[in-house]
Amino acid sequence: MKYGLEEAKKELLRQLAEQTAAGAAPASFPVVVRVKVPLIDTDPLDWVGGQNDPRKVFWHSSDGKLAVGGVGAAFEVAPEGWYGFNESWAQVSECMEACPEARFFAGMSFARTVTGPEWKGFPAMRWLLPAVEVVEDKEGCWLAANAVRGRDGEPFSRGAEEILQKMCVTEEVMPVDVLPVEREDVPDYEDWVCSAEAVLES
């Protein structure tokens, strides 16, 4: 059975309430709950474009067999400097170990120090587990939600519930035409190869 967006939203809210009402969490390890339901064909990029939350991510594999659109944050780590890399990676690794299906999106500066005013307010790196996702893979389309309870038994994140409650589900609010996604690699592949070879030769 494949759900429409409205029915999928209600079913995920029910499953989330059930899964996050479980007993106490281990004191030193996070608990990650991921629930998903089969969805009628829904383009992940169109869906992301129709949501109002400012935190949005989209990714697709080069072979076209996997596309993911995510909104909100069930878990997020954004250290201000590279000194925070080891600790942030440890937290992300714990979450992925707790739930191998958890899919983090990440970005980081390649420069150890960035001083330009255009980068003010940007952390050195950011790791993000979306609260709600539309996933399109070889098995079909899915609406998924994530919730995380961190160390020391802190409460589950409620981002997924909040996103689902206000999620846009009607065709009227979904964009009819989304601008094509463009990719620009800086440096490009040839420049990267030259730089890597120069480092190896030095």
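In the block above lies the structure referred to throughout.
Below is a short write-up of the structure. It should be emphasised that the depicted structure is a prediction, and the values quoted were computed from it without experimental measurement. (Residues numbered from 1 in each chain as written. Predicted model: local features only at pLDDT ≥ 70, side-chain atom pairs only at ≥ 80, totals over all residues. Heavy atoms only, no water.)

1. Remarks on the sheet that holds strand S2 (residues 56-60)
- In spatial order, the strands read S1-S8-S7-S3-S2; together these five strands make up an open sheet with antiparallel pairing. The open sheet is flanked by strand S1 (31-39) and S2, the only strands paired with a single partner. Direction aside, the axes of adjacent strands within the sheet are offset by 15° on average.
- Two elements, S1 and strand S8 (residues 140-149), share nine bridges in a ladder whose sense is antiparallel. Opposite Val31, over in S8, you have Arg149 as the bridge partner.
- Taken strand by strand, helix H1 (residues 5-19) contacts S1 and S8, and its axis lies near 155° from that of S1. (Pairing = 2+ DSSP bridges. Helix = DSSP H or I, 4+ residues; strand = E, 2+ residues; numbered from the N terminus. Axes fitted to C-alpha atoms, helices over the stretch in contact; angles between N-to-C directions. Contact = heavy atoms within 4.5 Å.)

2. Considerations on the packing of aromatic side chains
- Within this structure, the stated rule accounts for three aromatic pairs.
- Taking 6.3 Å as the distance between ring centres and 85° as the angle between the ring planes, the aromatic pair formed by Phe75 and Phe104 counts as edge-to-face. In this pair, Phe75 is assigned in strand S4 (residues 75-77) and Phe104 in the loop between helix H3 (85-98) and strand S5 (105-108), connecting sequence segments 29 residues apart. You'll find Phe75 and Phe104 in the same group, each marked buried.
- Relative to Trp127, the ring of Phe85 lies with its centre 6.3 Å away and its plane at 50°, an arrangement referred to as tilted. Within this pair, whereas Phe85 is found in helix H3, its partner Trp127 is found in strand S6 (residues 125-129), the two being separated by 42 residues in sequence.
- The lysine or arginine in question, Lys36, covers the ring of Trp142, its NZ or CZ lying 4.5 Å from the ring centre. (Phe/Tyr/Trp six-rings, centres within 6.5 Å; stacked < 30°, edge-to-face > 60°. Buried < 20%, exposed > 50% of the residue type's maximum accessible area, 1.4 Å probe, protein only. Lys NZ or Arg CZ within 6 Å of the ring centre and 35° of its normal.)

3. A word on H3
- Over its 14 residues, H3 runs 20 Å from end to end, which matches the ideal 20 Å to within 8%, given 1.5 Å per residue.
- If you check which residues of H3 are buried, you get Ser88, Val92, Glu94 and Cys95. Within H3, the buried residues cover an arc of 155° as seen down the axis, which keeps them to one side. Residues of H3 that are exposed and point over 90 degrees away from its buried face: Asn86 and Glu97.
- Buried residues along H3 sit against S1, S4, S6 and S8. (Expected span 1.5 Å × (residues − 1). Arc of directions from axis to C-beta.)

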